[in-house]
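A structural walkthrough
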Amino acid sequence: YTFKSVVPHGNSRDTMRSVSVDLNHDASLLIDIPDALCERDKVKFTVHTKTTLSSFQKPEFSVPRQHEDFIWLHDTLVETEDYAGLIIPPAPPKPDFESPREKMHKLGEGEATMTKDEYTKMKQELEAEYLAVFKKTVQVHEVFLQRLSSHPTLSKDRNFQIFLEYDQDLSVRRKNAKEMFGGFFKNMVKSADEVLISGIKEVDDFFEQEKTFLLDYYSKIKDSTAKAEKMTRAHKNIADDYIHVSATLNSLSADDSTANKKHLEKLADLFEKLRKVEGRVASDQELKLTELLRYYMRDIQAAKDLLYRRARALADYENSNKALDKARLKSKDIPQAEEHQQHCLQKFDKLSESGKKELTSFKGRRVVAFRKNLIEMAELEIKHAKVSSTLQPTCVRLFVYS
Amino acid sequence: MAASSDRNPPPFPATEEPGAGPSDMADGDSDEGEDIFSNPVAVSRGVSQPDRVNEEPPDLFSEEEEASSTPAKSNGVHSDEDNDLFAEAHVELSTDKPGSSDRKELSSSSGLRPASSFTQSPAAMQPTSLEQLEEDEAKDSFDVDVAVTNPEKVGDGMNAYVAYKVSTRTSLPMFRSKAFTVRRRYSDFLGLYEKLSVKQSLLGCIIPPPPEKSVVGMTKVKVGMDDPSSVEFVERRRAALERYLQRVVSHPSLLQDPDVREFLEREELPRAVSTQALSGAGFLKMINKASDAVNKMTIKMNESDTWFEDKFQEVENEEQQLRKLHALVDSLVNHRKELCGNTAVFAKSMAMLGNSEDNTALSRALSQLAEVEDKMEQLHQEQAASDFFIFEELLADYIRLLGAMRGCFDQRMRAWQRWQEAQSTLQKKREAEAKLLWANKPDKLQQAKDEITEWEARVTQYERDFDRVGMTVRKEVLRFEKEKAKDFKSQIIKYLEAMLQSQQRLIKFWEAFLPEAKAIA
């Protein structure tokens with residue numbers, strides 16, 4: 001099954017751009033993804049930039065980019081030493097159409113067992129699901145770029161500029177980068193983190209608290225994300241059930257020659273309306289709640305990465321102290337050892353200073369995003385329930401006056 | 001000859017009893033504390049006894065009207081504050097009095113009709129059109145209400161059983177008093193069904209079937225009645241038994257049956273032992289065996305009246321579709337229960353996250369969100385109960401009833417078969433007589449003539465029986481269809497009302513949460 005779609009430009013997308021707020025307001029560098037093409041599950045994003053900065057060649061331009069290009073950009077940022085003290089915005093996850101694709105396949109297999117109407121409605125639901133996945137992936141890629149553009153340091157990154165501007169295929173650069181770094185730095189950080197975190201004696205209260213908080217929060221939010229996903233899936237199952245119930249009620253009604261005919265018809269109609277509401281409840285919950293949790297889970301991972309890098313720098317500093325002591329003892333290579341120690345200390349201090357700033361602003365960002373999404377979710381739940389609660393009395397009235 | 005009594009016009013034509021919904025009668029003893037139901041298990045309270053009013057109503061009519069005009073009470077779990085929200089819905093819904101519109105004052109002489117003359121009355125009246133039949137049915141109503149309540153476990157271990165209170169309220173003089181109560185167990189209900197089947201189905205009546213046996217369900221109950229699945233099982237059975245009895249007493253000829261009266265009135269009922277075989281599968285097998293026998297008939301019926309053929313086909317199709325729908329609704333119930341579980345789990349997770357959160361206002365909001373989700377779980381639970389006890393059980397009832405209807409079509413076929421066989425026997429006897437005449441055996445001739453007379457009478461009898469059964473089947477089908485339409489209507493309205501209430505509460509919960517979310521800083 002091939003799915004080709006273009007994301008429309010316009011206000012409707014503002015509701016999608018919800019997980020991170022206060023981005024893309026600085027007119028000196030405005031980025032968005034106005035449209036994207038999905039062909040055979042490979043997504044091509046159109047990255048559009050508007051800028052007043054002289055570092056760019058043109059004031060406005062667009063380039064096509066693939067998911068792998070975003071990953072390349074993210075990885076190069078992570079592996080840049082200068083940015084070790086920053087929270088690198090989490091890489092957007094790979095576009096995943098597996099679920100709707102599998103369901104579409106199953107639907108095709110089961111086509112013979114359902115009525116034409118039923119099949120059409122199921123297909124509609126699946127197409128909506130495809131579209132939702134698609135919109136989500138566009139959103140999450142867009143937010144990644146906007147996080148970068150609104151960061152005072154990262155927005156000036158040379159590779160970022162290349163990403164935005166370079167009008168050729170980036171795949172050559174991607175290959176070179178892999179050869180250069182081989183993902184070494186990243187892998188090393190990840191595998192060493194548990195040891196580092198537990199072994200390091202923390203000197204700064206702020207970081208001690210942050211460490212405790214982030215580690216705990218991460219495991220809780222990861223759990224909540226998984227549980228929210230399950231909740232949404234159950235809602236979707238119910239919406240699907242409503243389709244089948246409605247279709248069968250229609251069949252029953254069609255063959256009925258008694259007074260019951262119209263009762264069945266009306267009930268079938270009600271279920272059809274209910275499934276639309278239920279479907280929207282599911283997708284809104286997905287966007288406002290599940291996506292929110294998922295995003296901040298990844299963001300907290302990025303914050304944890306910062307802590308690990310700082311812990312590593314502290315470990316390096318402590319090692320350099322030990323090396324200096326050893327050098328003094330042996331009276332050998334003292335100036336190198338001193339220099340190395342100073343270097344490590346500076347690095348550590350720089351990381352700590354920038355880290356503190358980053359983590360503080362991260363808190364604020366998180367709170368604002370949660371607020372916005374929770375409000376929107378509550379409002380949508382109320383809206384859908386109000387729609388739903390007009391359906392029953394309307395249907396009942398039809399019964400009474402029939 | 002029985003045939004001659006056919007021609008006596010009965011005092012009243014065939015009737016129907018309106019309001020065959022499951023809870024037309026409130027249980028006057030609702031204030032009796034029942035341990036099993038002391039937990040407000042939303043599964044049982046919320047849905048199956050919607051018309052519980054706490055004081056004895058002065059008479060049946062006013063109580064029923066009261067119940068149907070207060071949708072706020074229609075779901076056992078509601079809070080007083082909900083009444084405001086209902087003001088609007090109230091106005092719109094109160095115009096409906098499901099089932100009460102057909103209730104009329106009962107004529108005094110209706111209780112005197114013996115069963116036999118009733119079933120023959122259609123032939124006696126010789127109604128020429130179906131419209132006339134319908135009109136006649138609308139004129140009559142019965143005044144008997146039954147309720148099945150207070151399941152109680154009796155005994156211990158594997159010999160334990162559940163006894164139900166069967167309460168009857170009536171103004172019919174044929175009963176010993178106006179209101180009385182007996183205790184019955186499940187096998188008693190099955191015993192009643194068997195007795196009725198043997199007697200009445202021969203005449204082409206649709207005998208309502210009771211709920212199926214369930215060894216698994218009952219074994220659990222024998223072990224202990226307190227866990228949720230046992231509670232659900234007992235409640236499901238209680239509600240089904242109540243509907244079963246209500247259908248029996250609302251059937252005009254069944255109500256006249258002495259076995260029914262005995263079931264309702266007699267203090268101690270002899271234990272029905274032959275009910276071992278009648279499980280759900282057993283019942284189906286019985287019906288299908290009858291159908292097979294009919295199919296294997298060598299003489300194929302030449303249906304002069306296509307009504308029966310068409311109707312039978314309709315019934316078969318409908319049964320099939322209902323089975324499909326039943327399975328779908330079952331899947332819906334399961335998914336909703338899943339949603340319940342997932343929501344509860346999510347609520348706990350959210351509470352943990354709230355505790356972990358270091359921003360005070362956000363932490364509070366997350367905890368509140370956890371509470372809202374807890375309430376949502378409750379709503380989903382109630383909706384699942386409604387899906388099951390109102391919608392799914394309605395479908396299950398009608399699948400069983402359609403099976404019973406197929407059974408009565410088969411009865412008609414058998415009556416036809418008997419008639420045909422008698423005709424062929426008569427033919428043989430006539431041929432034998434002719435042979436004897438030819439062979440000139442005068443002594444055997446008289447015997448042959450006598451046999452011919454006998455079989456001629458039988459042929460006439462069986463033909464009349466067949467016609468009569470046909471008429472009864474037609475009437476029964478008509479009555480059934482009307483009842484079904486009413487039943488579906490009232491059940492669907494109940495289902496919708498429960499759903500509406502759920503949505504109203506959902507709105508309130510989220511509206512209460514909104515300021516908490518806005519307070520995050």
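Residues numbered from 1 in each chain as written. Chains lettered and ligands numbered in written order. Predicted model: local features only at pLDDT ≥ 70, side-chain atom pairs only at ≥ 80, totals over all residues. Heavy atoms only, no water.

**Let's talk about the overall build of chain B**
On a plain count of helices and strands, chain B comes out with 14 helices and three strands. Look at the contacts in chain B between residues 6 or more apart in sequence, and 82% of them connect residues 24 or more apart. Taken as a whole, chain B presents about 22,700 Å² of accessible surface, with 52% of it coming from carbon and sulfur. (Helix = DSSP H or I, 4+ residues; strand = E, 2+ residues; numbered from the N terminus. Contact = heavy atoms within 4.5 Å. Areas by Shrake-Rupley, 256 points an atom, 1.4 Å probe, with all protein chains shown as cover.)

**Considerations on the overall build of chain A**
Regarding its fold elements, chain A presents nine helices and three strands. Reading chain A from its N terminus to its C terminus gives the helix and strand order β-β-β-α-α-α-α-α-α-α-α-α. Taking all 402 residues of chain A together, the buried fraction comes to 53%. The long-range fraction of contacts in chain A, counting pairs at least 24 apart against all pairs at least 6 apart in sequence, stands at 77%. (Buried < 20%, exposed > 50% of the residue type's maximum accessible area, 1.4 Å probe, protein only.)

**Some words on the sheet that holds strand E1 (residues 29-39) of chain A**
Residue and element names in this part refer to chain A. Sheet architecture is open: three strands sit in the order E1-E2-E3, paired in antiparallel fashion. The open sheet is flanked by E1 and strand E3 (60-66), the only strands paired with a single partner. Neighbouring strand axes in the sheet, compared pairwise and without regard to direction, differ in orientation by 20 degrees on average. Its contacts with the sheet put helix H1 (residues 67-78) on E1, strand E2 (42-51) and E3, and the angle it makes with E3 is roughly 100 degrees. Contacts from helix H4 (residues 158-165) reach E1, E2 and E3 within the one sheet, and its direction differs from that of E3 by about 95 degrees. (Pairing = 2+ DSSP bridges. Axes fitted to C-alpha atoms, helices over the stretch in contact; angles between N-to-C directions.)

**Digging into the interface of chain B and chain A**
With 60 residues of chain B at the contact, the number on the chain A side is 63 residues. With both sides pooled, the region where chain B packs onto chain A buries about 5,600 Å², and carbon together with sulfur makes up 71% of that total. Seen at the junction of chain B and chain A, the total is four salt bridges. In this structure, Arg366 of chain A and Asp358 of chain B form a salt bridge, with 3.4 Å as the shortest nitrogen-oxygen distance. At the level of elements, helix H3 (82-93), helix H12 (306-356), helix H13 (360-439) and helix H14 (442-518) of chain B are the ones that each hand at least two residues to the side of chain B that touches chain A. A per-element tally of the side of chain B that touches chain A places H12 of chain B first, with 24 residues. Residues of the side of chain B that touches chain A, tallied by class, amount to 33 nonpolar, eleven polar and 16 charged. (Buried area = accessible area lost by both parts, 1.4 Å probe. Salt bridge = Lys/Arg side-chain N within 4 Å of Asp/Glu carboxyl O. Nonpolar A, V, L, I, M, F, W, Y, C, P; charged D, E, K, R; others polar.)

**Focus: the sheet that holds strand E3 (residues 179-185) of chain B**
Residue and element names in this part refer to chain B. One open sheet holds the three strands; their spatial order is E1-E2-E3, and the pairing between them is antiparallel. In this open sheet, the two edge strands, each paired with only one partner strand, are strand E1 (144-154) and E3. Pairs of neighbouring strands in the sheet enclose a mean axial angle of 20 degrees, with direction left out of account. Bridge count for E1 against strand E2 (residues 161-170) is nine bridges, and the pairing is antiparallel. The residue of E2 that forms the bridge with Lys153 is Val162. Each of E1, E2 and E3 touches helix H6 (residues 186-200); the most contacted strand, E3, lies at about 100 degrees to it.

**Comments concerning the packing of helix H8 (residues 260-330) of chain A against H14 of chain B**
Two elements in contact, H8 of chain A and H14 of chain B, have axes whose closest approach is 9 Å; the angle formed by their N-to-C orientations is 25 degrees. The pairing of H8 of chain A with H14 of chain B is recorded here as roughly parallel in orientation. Judged by the sense of rotation from one axis to the other, the crossing of H8 of chain A with H14 of chain B is left-handed. The segment H8 of chain A lies against H14 of chain B, with Asn260, His263, Leu264, Leu267, Leu270, Phe271 and Leu274 of chain A engaging Lys484, Ala485, Phe488, Lys489, Ile492, Tyr495, Leu496 and Met499 of chain B. In the contact of H8 of chain A with H14 of chain B, the residues fall into eleven nonpolar, two polar and two charged. (Parallel < 35°, antiparallel > 145°, perpendicular 65-115°, else oblique. Left-handed = near helix turned anticlockwise from the far one by under 90°.)

**A closer look at the pattern of salt bridges**
A side chain with one charge may pair with a side chain of the opposite charge, provided their charged atoms come close. Residue and element names in this part refer to chain A. With the rule as written, the count across this model stands at 60 salt bridges over all chains. For Glu98, the salt bridge goes to Arg101, with nearest N and O atoms at 3.7 Å. Placement of the pair is Glu98 and Arg101 together in helix H2 (residues 98-109), with a separation of three residues, close to one helical turn. Under the relative-accessibility criterion, Glu98 is labelled partly exposed at 36%.

**Concerning the packing of aromatic side chains**
Under the counting rule described, the total for this entry stands at 26 aromatic pairs over all chains. Here Tyr242 of chain A and Phe271 of chain A contribute two aromatic rings whose centre-to-centre distance is 5.2 Å and whose plane-to-plane angle is 65 degrees, an arrangement assigned as edge-to-face. With Tyr242 of chain A in helix H7 (residues 205-255) and Phe271 of chain A in helix H8, this pair connects stretches of sequence that are 29 residues apart. Phe271 of chain A carries the same exposure label as Tyr242 of chain A, and that label is buried. When the ring of Phe189 of chain B is compared with that of Phe263 of chain B, the centres are 5.0 Å apart and the planes differ by 70 degrees; the resulting orientation is edge-to-face. (Phe/Tyr/Trp six-rings, centres within 6.5 Å; stacked < 30°, edge-to-face > 60°.)

**Notes on the pairing of E2 of chain A**
All names here are of chain A. Summarising the sheet, E1 and E2 pair through nine bridges and their orientation is antiparallel. Of the residues in E2, the one forming a bridge with Ala36 is Phe45. Pairing geometry for E2 and E3, over seven bridges, is antiparallel. Residue pairing for E3: Phe45 is matched across the bridge by Arg65.

**Remarks on the side chain of His141 of chain A**
Residue and element names in this part refer to chain A. Tracing the backbone through its elements, the reader meets His141 in helix H3 (residues 116-149). From its side chain, His141 meets the backbone oxygen of Thr137 in a polar contact 2.7 Å long. Filtering out sequence-adjacent residues up to four positions away, His141 remains in contact with Ile33, Phe45, His67, Phe70, Pro92, Pro93 and Pro95. (Polar contact = N/O pair within 3.5 Å; in protein donor to acceptor, adjacent residues only side chain to side chain.)

**Overview of unusual backbone geometry**
The phi torsion at Ser331 of chain A lies on the positive side, around 55 degrees, for a residue other than glycine. When its relative accessible area of 57% is taken as the criterion, Ser331 of chain A is described as exposed. Even without glycine at this site, Asn150 of chain B takes up a positive phi of about 50 degrees. You can see Asn150 of chain B is positioned in strand E1.

**A closer look at the environment of Ser331 of chain A**
Looking at the secondary structure, you find Ser331 of chain A in the loop between H8 and helix H9 (334-400). C-alpha separation for the pair Ser331 of chain A and Asn373 of chain A, spaced 42 residues apart in sequence, amounts to 62 Å.

**Looking at the environment of Leu332 of chain B**
In this fold, Leu332 of chain B is placed in helix H12. Between the C-alpha atom of Leu332 of chain B and that of Asp387 of chain B, which follows or precedes it by 55 residues, the distance is 7.8 Å. Ignoring anything within four residues of it in the chain, the contact list for Leu332 of chain B reads Ile238, Asp241, Tyr242 and Phe271 of chain A together with Asp387 and Tyr495 of chain B.

**Section: the nonpolar core**
Core analysis: the largest hydrophobic core is formed by 117 residues, its most contacted members being Ile221, Phe271, Leu293, Phe370 and Leu374 of chain A together with Met405 and Trp510 of chain B. Sorting the residues of this core by element identifies H3, H7, H8 and H9 of chain A together with H12, H13 and H14 of chain B as the ones contributing at least two each. With 28 residues, the top contributor of residues to this core is H13 of chain B. Leaving out residues up to four positions away in the same chain, Ile221 of chain A has contacts with Leu293, Tyr296, Met297, Ile300 and Phe370 of chain A together with Leu353 of chain B. One finds Leu29, Val43, Phe70 and Ile243 of chain A within the second-largest nonpolar core, a separate group that totals 40 residues. (Core = buried A, V, L, I, M, F, W, Y, C linked by side-chain atoms within 4.5 Å.)

**Things to note about the confidence of the model for chain A**
Across chain A, the average pLDDT comes to 85, with 87% of residues at 70 or higher. Taken together, the stretch residues 7-18 of chain A has pLDDT below 50 and engages in 28 contacts with residues farther than four places along the chain or on a different chain. (pLDDT = per-residue confidence, 0-100.)

**Description of the packing of H2 of chain A against H3 of chain A**
All names here are of chain A. Their axes nearest at 9 Å, the elements H2 and H3 cross at an angle of 165 degrees. In terms of axis orientation, H2 runs roughly antiparallel to H3. By crossing handedness, the relation of H2 to H3 is classed as left-handed. Mapping the contact onto sequence places Ser99, Pro100, Arg101, Lys103, Met104 and Leu107 in H2 and Tyr119, Met122, Lys123, Leu126, Glu127, Glu129, Tyr130 and Val133 in H3. Counted by class, the contact of H2 with H3 contains eight nonpolar, one polar and five charged residues.

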